[in-house]
Amino acid sequence: LATAFGNYSTNSALESELYTSHDSLQGWWRLNSTITAGTDTVKDSSGRNRDADTETAPTLNSSETPSNYIAAASNTFDGTDDYIEIGSHTLWNSIIGNATNGSSKFTLSAWIRPHSLGEGNLGRIFDFATNDVMLYIGAGTADYEVRFYTKWDGTSARWDCDSMTGNFNDWA
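The structure contained in this document is the topic of the report that follows. (Residues numbered from 1 in each chain as written. Predicted model: local features only at pLDDT ≥ 70, side-chain atom pairs only at ≥ 80, totals over all residues. Heavy atoms only, no water.)

### Topic: helix α2 (residues 89-96)
Here's step 1: Every buried residue of α2 is listed here: Trp92, Ile95 and Ile96. The buried residues of α2 occupy an angular sector of 75° when the element is viewed end-on, so they sit on one face. Pointing more than 90 degrees away from the buried face of α2 are the exposed residues Thr90 and Ser94. (Buried < 20%, exposed > 50% of the residue type's maximum accessible area, 1.4 Å probe, protein only. Helix = DSSP H or I, 4+ residues; strand = E, 2+ residues; numbered from the N terminus. Arc of directions from axis to C-beta.)

Right, here's the structure in full:
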């Protein structure tokens, strides 16, 4: 897939043979192709067929990628109204729980390159239901710090990850 010089090409047939998701992986949206708002879906590469929809699409940008070994391009969200809808709250409540019944163990992972704190100074990375579970960036000791927010049994909690800080325009 990658040469010694960092050139990257993709072969989806080869990728599907090389990658086999773990049985518990619930979704993998690579965000490495052009998405047309209201028309295209964002393919779920986990094998669960949970393709995502969007009404206001991010923009494909080949100059912003964490590494050519990871992807040849990535999508840039405008910080105002771009988002990817990865399923209903009913679906995710059945997988990870909700504010009333508590949550199951789960892991979230993302490559981010924030240019600002985003809409409302809450640069959302993931947001499930009505802020039942949210991973986002907020003002910190550097340009931003990663924060995690959740509700259990109707009570909310926020963790500020002081050791997970970053600077705008850098990949993290």
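From this point on, the discussion continues.
### Brief notes about the environment of Thr65
Here's step 1: Within the fold, Thr65 resides in the loop between β1 (59-61) and β2 (74-76).
Here's step 2: Taking the C-alpha atoms as reference points, Thr65 and Ile112, 47 residues apart in sequence, are found 9.5 Å from one another.
Here's step 3: When residues no more than four places from it in sequence are discounted, the contact partners of Thr65 are Ala71, Ala72, Ala73, Ser74 and Trp171. (Contact = heavy atoms within 4.5 Å.)

### Looking at the nonpolar core
Here's step 1: Counting 20 residues, the largest nonpolar core has Ile86 and Phe128 as its most contacted members.
Here's step 2: Only α2, β5 (123-128), β6 (133-138) and β7 (144-152) provide two or more residues apiece to this core.
Here's step 3: Residues in contact with Ile86, not counting those within four places in the same chain, are Trp29, Ala52, Leu91, Trp92 and Phe128. (Core = buried A, V, L, I, M, F, W, Y, C linked by side-chain atoms within 4.5 Å.)

### Details of the side chain of Arg50
Here's step 1: Locating Arg50 in the fold gives a position in the loop between α1 (12-18) and β1.
Here's step 2: Despite its burial, Arg50 pairs with no opposite charge, the nearest such side chain being Asp44 at 5.8 Å.
Here's step 3: Among residues more than four places away in sequence, those in contact with Arg50 are Gln26, Trp29, Asp44, Leu91 and Ile95. (Lys, Arg positive; Asp, Glu negative; His and termini not counted. Salt bridge = Lys/Arg side-chain N within 4 Å of Asp/Glu carboxyl O.)

### What to know about unusual backbone geometry
Here's step 1: Even without being glycine, Asn49 reaches a positive phi, approximately 60°.
Here's step 2: Backbone geometry places Asn169, a non-glycine residue, at a positive phi of 70°.
Here's step 3: As for its placement among the helices and strands, Asn169 is situated in the segment after β8 (155-166).

### Quick look at the packing of aromatic side chains
Here's step 1: All chains considered together, the criterion is met by two aromatic pairs.
Here's step 2: Seen in terms of ring centroids, Phe148 and Trp159 are 5.7 Å apart; in terms of plane orientation they differ by 40°. Their pairing is tilted. Taken together, the positions of Phe148 in strand β7 and Trp159 in strand β8 put the pair 11 residues apart, joining distant regions of the chain. (Phe/Tyr/Trp six-rings, centres within 6.5 Å; stacked < 30°, edge-to-face > 60°.)

### Overview of a negative patch on the surface
Here's step 1: Together, Asp51, Asp53, Glu55 and Glu85 line one region of the surface with negative charge.
Here's step 2: Secondary-structure assignment places Glu55 in the loop between α1 and β1. (Patch = residues over 30% accessible without salt bridge, like charges linked within 9 Å, V, L, I, M, F, W, Y side chains within 5 Å. Areas by Shrake-Rupley, 256 points an atom, 1.4 Å probe, with all protein chains shown as cover. Charge placed at Lys NZ, Arg CZ, Asp CG, Glu CD.)

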